[in-house]
Amino acid sequence: MKAPYFTPLLALALLPVLAQAGDIRRHVGDGTASYYSNEFAGSRTANGERFDPAGFTAAHRSLAFHSRVAVTNLANGKEVIVRINDRGPWGKGRIIDISYAAAREIGMHRSGTARVKLELLG
């Protein structure tokens, strides 16, 4: 009996399943992350919703609103998934601003910044 083989057509058929499982990731950068202060709670974000420090949201300069991004703290390997709902960060050398809840999740809430890896989830 012939061994089964993986065809390009089969790969295309499996793509939606893999995307739902979050297995498809595209590296979009490494750099320094910071987080929003709680003083911005209730302020409007660039997409019009109100900022909630307890939510898992973030600001990025160019990723589409509602994109989901895995943010990994390179110092400890902890990861959080955030949704882009704002523009920024505008601080020099920063690649993403995340909410306080997301910062706590990856252990950067005390230091205020961390070196991170960003992966766009498909």
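Scroll up a little and you will see the structure.
Computed from a prediction, not measured in an experiment: that's the story for all the values here. (Residues numbered from 1 in each chain as written. Predicted model: local features only at pLDDT ≥ 70, side-chain atom pairs only at ≥ 80, totals over all residues. Heavy atoms only, no water.)

Take the overall build of the chain next. Along the chain, the regular secondary structure elements total 2 helices and 6 strands. Each helix and strand of the chain, ordered N terminal to C terminal, gives the series α-β-β-β-β-β-α-β. Scored against the burial criterion, the 122 residues of the chain give a buried share of 38%. Within the chain, contacts between residues at least 6 apart in sequence are counted, and of these 71% link residues at least 24 apart. In the structure as shown, the chain presents an accessible area of about 7400 Å², 56% of it carried by carbon and sulfur atoms. (Helix = DSSP H or I, 4+ residues; strand = E, 2+ residues; numbered from the N terminus. Buried < 20%, exposed > 50% of the residue type's maximum accessible area, 1.4 Å probe, protein only. Contact = heavy atoms within 4.5 Å. Areas by Shrake-Rupley, 256 points an atom, 1.4 Å probe, with all protein chains shown as cover.)

Further remarks concern the pattern of salt bridges. Taken as a whole, this structure holds 3 salt bridges when the rule is applied. Across the pair Arg25 and Glu119 runs a salt bridge whose closest N-O atoms are separated by 2.9 Å. Of the two residues, Arg25 is situated in strand β1 (residues 25–35) and Glu119 in strand β6 (residues 113–121); the sequence distance between them amounts to 94 residues. With a relative accessible area of 13%, Glu119 lands in the buried category. Across the salt bridge formed by Glu49 and Arg83, the nearest N and O atoms sit 2.9 Å from each other. With Glu49 in the loop between β1 and β2 (57–59) and Arg83 in strand β4 (residues 79–86), this pair connects stretches of sequence that are 34 residues apart. Classification of Arg83 as partly exposed rests on a relative accessible area of 27%. Ionic contacts of the salt-bridge type, sharing partners, join the residues Arg25, Glu79 and Glu119 into one network. (Salt bridge = Lys/Arg side-chain N within 4 Å of Asp/Glu carboxyl O.)

Before going further, it helps to spend a moment on the environment of Glu79. Among the secondary structure elements, Glu79 is positioned in strand β4. With a relative accessible area of 35%, Glu79 lands in the partly exposed category. Linking Glu79 and Ile106, residues 27 residues apart in sequence, is a C-alpha distance of 5.8 Å. Residues contacting Glu79, with those up to four places away along its chain left out, are Arg25, Ala70, Val71, Thr72, Glu105, Ile106 and Glu119. Within polar-contact distance, the side chain of Glu79 engages the side chain of Arg25 at 3.0 Å. Separated by 3.5 Å, the side chains of Glu79 and Thr72 make a polar contact. (Polar contact = N/O pair within 3.5 Å; in protein donor to acceptor, adjacent residues only side chain to side chain.)

Of note, Ile84 is situated in strand β4. Note on Ile84: relative accessible area 0%, which makes it buried. In this structure, the C-alpha to C-alpha distance between Ile84 and Ser62, residues 22 residues apart in sequence, is 9.7 Å. Those residues in contact with Ile84, other than ones at most four positions away along the chain, are Ala58, His60, Leu63, Ala64, Phe65, His66, Ser67, Val69 and Ile96.

Overall, the coordinates contain 3 aromatic pairs when judged by the stated rule. Measuring from ring centre to ring centre gives 4.6 Å for Tyr36 and Phe51, while their planes differ by 35°; the resulting arrangement is tilted. A residue pair is termed long-range when its members are at least 10 positions apart, and Tyr36 in the loop between β1 and β2 and Phe51 in the loop between β1 and β2 qualify at 15 residues. Put simply, the rings of Tyr36, Phe40 and Phe51 pair up and form one aromatic cluster. Across from the ring centre of Phe65, 4.2 Å away, lies the NZ or CZ of Arg87, which sits over that ring. (Phe/Tyr/Trp six-rings, centres within 6.5 Å; stacked < 30°, edge-to-face > 60°. Lys NZ or Arg CZ within 6 Å of the ring centre and 35° of its normal.)

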